Amino acid sequence: MTTFEQIDTHLKMLSLHQMREIYRNEAENAAKTKLSYQEFLLRLLEQQVVSKIDRSINRSIQLACFPIIKRLEEFDFSYQPQIDEKLIRELSTLNFLDEPKNILLLGPPGVGKTHLAIAIGIKGCQARKRVRFYTAEQLTQDLAASEISGNLQKILVSLSRIDLLIIDELGYLELSKKTATLFFQLISKRYEQGSVIITSNKPFEEWGQIFQDDVVAAAILDRLLHHCHTFFIQGKSYRMKQIFKN
Ligand code: ADP
Ligand code: MG
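Structural notes, computed from the coordinates.

1. Considering the site of ligand 1
Here comes step 1: By nearness alone, 14 residues border ligand 1, and D76, G110, K113, T114 and H115 come closest of all.
Here comes step 2: Taking 550 Å² as the accessible area of ligand 1 by itself, protein coverage stands at 89%.
Here comes step 3: Sorting the residues of the shell around ligand 1 by element identifies α6 (113-126) and α12 (238-245) as the ones contributing at least two each.
Here comes step 4: Across the shell around ligand 1, the residue classes break down as 5 nonpolar, 4 polar and 5 charged.

Printed below as a string of structure tokens:
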């Protein structure tokens, strides 16, 4: 076996795939450019580390279950001047996760609520935070199913361990009284423990209707709003802009 083949076998066994891919070229370049042994080793290790970080970010993006990838860099703030761009940019540094504070994005369809929620979630994944995206419908279905199967506490505990929980489209569907109570339990569990981002097309006055109970709605809002950045977005739908452009 040649030395290259032996190195290849060892790198494979150690799962150092990135080093395995670049090793031959890097060795040739190092010989040409007269890199020291240490500099050569450092180059290989650096690239292996970068690849490991990339993979871990991709993995946490996958685990977050975003329905689509949206980035802050793609968001056109000039189309939605009502949104406090500076505050969104500050939130994208994720300091709010440490406090922890919640974010509510309220407004009619198409104004970018889901886009912003996902974009902040992606920043969280890039910072290696545990992020999980749910639609309100999916989340309440999961909670209801876990209660039936006797796993409610387990799922509540696992949801309370997530650094950033995103709940999209609260209010598109009314919840049953039962699921409203489960939702309340979740919000109580995360209260002052971990941040939640919620998007909704319904103003606060109509949350009683979503939960079919004014008292439960008030209790949920009380906990959510205690430490919270709320964005009321009243602008035009970006979807309409796209339709009329075509
Ligand atoms: P909402 O959740 O408020 O209904 P979305 O976030 O789903 O709206 O936005 C609808 C579509 O328009 C998405 O494809 C989103 O990426 C895009 N979009 C919305 N607002 C903007 C914006 N200001 N700049 C760029 N794209 C936007
Ligand atoms: Mg949406």
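Read on for the rest.
2. Description of unusual backbone geometry
Here comes step 1: Note that the residue after E99, namely P100, is joined by a cis bond; omega there is -20 degrees.
Here comes step 2: Structurally, the position occupied by P100 is in the loop between α5 (95-98) and β1 (102-106).
Here comes step 3: Phi is positive for K34, which is not a glycine, with a value near 55 degrees.
Here comes step 4: Summarising the element assignment, K34 is placed in the loop between α2 (17-33) and α3 (37-64).
Here comes step 5: Unlike most non-glycine residues, Q212 shows phi in positive territory, near 55 degrees.
Here comes step 6: Within the fold, Q212 resides in the loop between α10 (207-210) and α11 (214-226).

About the criteria used
- Residues numbered from 1 in each chain as written.
- Chains lettered and ligands numbered in written order.
- Predicted model: local features only at pLDDT ≥ 70, side-chain atom pairs only at ≥ 80, totals over all residues.
- Heavy atoms only, no water.
- Near = heavy atom within 4 Å.
- Areas by Shrake-Rupley, 256 points an atom, 1.4 Å probe, with all protein chains shown as cover.
- Helix = DSSP H or I, 4+ residues; strand = E, 2+ residues; numbered from the N terminus.
- Nonpolar A, V, L, I, M, F, W, Y, C, P; charged D, E, K, R; others polar.

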